Each structure stands twice: as structure tokens, then as C-alpha cells.
Amino acid sequence: MRDEELLTVPDVMARLKLGRSTVYDLIRSRRLPSITIGRTRRIPSIALDDYIQRHLEEAAR
């Protein structure tokens, strides 16, 4: 199920067309929630969808 999918940082980079440091800045600033599994960072796909939706709503104002 897509809602349960965990994305890697490169996955998020590709979807948002952003660089690695920008994605890590979003994670560090807690604008993009993530979890750590072992030594890897994963972003739930629902968190990415929420992030995109928030930005679309802000842009519509």
C-alpha cells in the first residue's frame, strides 16, 4: 500500500527535484518528518504527500 511506503532521501530528491542538502535541511528543520532505521533515513510517503499539499495550499492563498 502506497501510504505505508518508506522513501529514501534520493527518492524524495527525485520527486521534489531538489538537491540532497535541501532535503536534509527540510528533515533537520522538521518540515519533512522522517524516521531513522539503522543508519538510514526514511521518509514516509504520506509525510511527503502532506508536505506537498501544505505547499500547494499556501501557494493558493
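See the structure shown above.
Analysis parameters
Residues numbered from 1 in each chain as written. Predicted model: local features only at pLDDT ≥ 70, side-chain atom pairs only at ≥ 80, totals over all residues. Heavy atoms only, no water. Core = buried A, V, L, I, M, F, W, Y, C linked by side-chain atoms within 4.5 Å. Buried < 20%, exposed > 50% of the residue type's maximum accessible area, 1.4 Å probe, protein only. Helix = DSSP H or I, 4+ residues; strand = E, 2+ residues; numbered from the N terminus. Contact = heavy atoms within 4.5 Å. Salt bridge = Lys/Arg side-chain N within 4 Å of Asp/Glu carboxyl O.

A. Examining the nonpolar core more closely. Counting 12 residues, the largest nonpolar core consists of Leu7, Val9, Val12, Leu16, Val23, Leu26, Ile27, Leu32, Ile43, Ala47, Leu48 and Tyr51. For this core, the secondary-structure elements that each account for two or more residues are α1 (9–16), α2 (20–28) and α3 (45–59). The residues touching Ala47, leaving out its near neighbours within four places in the chain, are Leu32 and Pro33.

B. Summary view of the pattern of salt bridges. Scanning the entire structure with this criterion turns up two salt bridges. Residue Arg15 pairs with Glu5 through a salt bridge whose shortest N-O separation is 3.9 Å. One end of the pair, Arg15, is in helix α1; the other, Glu5, is in the segment before β1 (6–7), and 10 residues separate them in sequence. A residue is classified by how much of its surface remains accessible, and Glu5, at 32% relative accessible area, is partly exposed. Note that Arg28 and Asp25 form a salt bridge whose closest N and O atoms lie 2.8 Å from each other. Of this pair, Arg28 and Asp25 are both found in helix α2, three residues apart, which corresponds to roughly one turn of the helix. Here Asp25 falls in the partly exposed class, since its relative accessible area comes to 38%.

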